[in-house]
Amino acid sequence: MSGPDDVVDEVLVDPAAARVYAEGWQSWSPATWYAVGATGLRPAEEWQHLMRFRPGTSVATDALQGEGLLVVDPGTGEPVRRYAATDLVAVPTVRARHVGDQVVVSATGPVTSTTHDTAEAALAAYGDGLGGRVSTPPTVWCSWYRYFEHVTADDVLENLAAFDTHDLAVDVVQVDDGWSPGLGEGLVESERFGSLPAVVESVRGTGRRAGIWLAPFLVGADTTLARAHPDWLVGPAGRNWGQDLVGLDLTHPGVQELLAGHVRRLVDLGITYLKLDFLYAGAVPGHRHRDVDPVASYRDGLALLREAAGQGVQLVGCGAPLLPSVGLVDAMRVSPDTFHEGGEDGSDGLRGLMPLAARAWQQGRLWVNDPDCLVGRPTYAQRERWADAARELGGLRSFSDRVADLDEWGLTTVRELLADGGTAAVLPEDRVRAAARVAQDEAR
């Protein structure tokens, strides 16, 4: 829960030129540069607060709000000021209130306050000092945006054969949600999907790596696990899969043993790439077996998965609290989903562009930025704009189509994206600066 704000600074600004960078709580949270007099983005419903903002922390109506990181560019020519968490567990909420010709900065806990010549330098210095985990990313095919929860082993194998036929340089074949009814039902393969070991064997037989999706820190409230072990549950975590979701108590020995066992089992199958989704649920407020801060519980839980997987397995965080994940994941989704099921017509616009652009400074410093998948088939109305953004701002290169659905433009674009390969490099400062302008424009 957020505590009371203490004023930490008062900054003289030019109201016409000043801007504020406000970092969000997790992958799907808003993050952008705002004009100093702007109103920050807020959840419209409680489930959005749980799943897209910081659970248990109110969102200010009279201030711009960052979780653990806020930057003020006064627009006067004076130095840029950065306010940042002092460690990765005690992550305070930082707010900037515009009062006349000043911005009043307050925080719910300790922050370091530093000055810098430019906004890019302020963010780069913070990222460089955090000690992220950065490794060369693979190129990835993901099942999600074509098959959603209906994916089968035959679907995966059809596309596996098509990669070579169409000269698509895929390193990792990642099966997304739909292969299992989920952790709450034992994380076993669904009958509809088929044999996961057979898929892994086929993928590895082509010289590629196998990847899998799982949501390790939550279960449905109506699942077998939730009914059998109510003492393993913490608190509400939103809604999905037709039921309410609850976070797991990552301090409970039974939960720890269960999660470590499942991860080891998947790795023993030959899986070396784990997409860990809905991770925010590990830090929801509630009673725990051990009396620890929810964020400390989350970070310990993620460290447990890292240890169980081994250092050679690549972990990709998604829906994950950002600062508390630093150093434990190799790549991080820094934006919402490309689109939700039914959104292929592009009616929601480019949902991920604003936070992807705003978080360009994190690439190569905290982790490899995952912009989410390119979707290249002609039925996706935003495919050209999203392909440009993913190529320009992302480090992880992935696509999510049935190869047979791709037209000439789609095949060429996907082929070129994969041939370029992923990158662990820091983005040039001029690109980060241009991305910040894009993010601020998207916030208007």
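Please refer to the structure higher up on the page.
Residues numbered from 1 in each chain as written. Predicted model: local features only at pLDDT ≥ 70, side-chain atom pairs only at ≥ 80, totals over all residues. Heavy atoms only, no water.

Caption draft 1: Expanded view of the sheet that holds strand 1 (residues 6-12). Here four strands make up an open sheet; going across it, the order is 1-8-7-4 and the pairing antiparallel. Of all strands in the sheet, those with a lone pairing partner are strand 1 and strand 4 (64-67), marking the two edges. Pairs of neighbouring strands in the sheet enclose a mean axial angle of 20°, with direction left out of account. (Pairing = 2+ DSSP bridges. Helix = DSSP H or I, 4+ residues; strand = E, 2+ residues; numbered from the N terminus. Axes fitted to C-alpha atoms, helices over the stretch in contact; angles between N-to-C directions.)

Caption draft 2: Representation of the nonpolar core. Within the largest apolar cluster, 123 residues are counted, with the highest numbers of intra-cluster contacts made by Leu-274 and Phe-399. Ranked by residues supplied to this core, first place goes to helix 8 (residues 294-309) with six residues. The contact partners of Phe-399, leaving out residues within four places of it in the chain, are Val-140, Trp-141, Cys-142, Phe-163, Leu-168, Val-170, Cys-373, Leu-374, Leu-406, Val-414 and Leu-418. The next biggest cluster of nonpolar side chains, apart from the first, holds 17 residues, and it includes Val-13, Tyr-34, Ala-96 and Val-103. (Core = buried A, V, L, I, M, F, W, Y, C linked by side-chain atoms within 4.5 Å. Buried < 20%, exposed > 50% of the residue type's maximum accessible area, 1.4 Å probe, protein only. Contact = heavy atoms within 4.5 Å.)

Caption draft 3: Here's a closer look at the sheet that holds strand 5 (residues 69-73). Read across the open sheet, the five strands follow the order 3-2-5-6-9; overall the sheet is antiparallel. Either end of the sheet is taken by a strand with one partner, and the two such strands are strand 3 (32-35) and strand 9 (111-116). Along the sheet, successive strands turn relative to each other by an average axial angle of 20°, direction set aside. Judged from the four bridges that link them, strand 2 (residues 19-22) and strand 3 form a sheet pairing that is antiparallel. What sits directly across from Tyr-21, in strand 3, is Trp-33. This element, helix 2 (residues 119-130), spans strand 2, strand 3, strand 5, strand 6 (80-85) and strand 9 of the sheet and lies at about 25° to strand 6. Along the sheet, helix 12 (residues 429-443) makes contact with strand 2 and strand 3, crossing strand 3 at roughly 60°.

Caption draft 4: The side chain of Thr-93, seen in detail. Inspection of the secondary structure puts Thr-93 in strand 7 (residues 93-99). Among the polar contacts made by the side chain of Thr-93, one reaches the side chain of Glu-67 at a distance of 2.7 Å. (Polar contact = N/O pair within 3.5 Å; in protein donor to acceptor, adjacent residues only side chain to side chain.)

Caption draft 5: Here's a closer look at the side chain of Gln-440. By the element assignment, Gln-440 lies in helix 12. Beyond its immediate stretch of four places on either side in the chain, Gln-440 contacts Arg-19, Thr-32, Trp-33, Tyr-34 and Ala-35.

Caption draft 6: Region of the structure containing the environment of Gln-314. Relative to the helices and strands, Gln-314 resides in strand 17 (residues 314-317). When the C-alpha atoms of Gln-314 and Phe-163 are compared, they prove to be 22 Å apart, with 151 residues separating the residues in sequence.

Caption draft 7: Layout of helix 5 (residues 196-205). Considered for burial, the residues of helix 5 that qualify are Leu-196, Val-199, Val-200 and Val-203. Looking straight down helix 5, one finds that the buried residues subtend no more than 100° of arc, so they occupy a single side. Helix 5 presents Glu-201 and Gly-205 as exposed residues on the side facing more than 90 degrees away from its buried surface. Capping the start of helix 5 is the job of one residue whose side-chain oxygen sits 3.1 Å from the backbone nitrogen of Ala-198: Ser-195. Positive phi appears at Gly-207, one or two residues downstream of helix 5, with a value of about 85°. (Arc of directions from axis to C-beta.)

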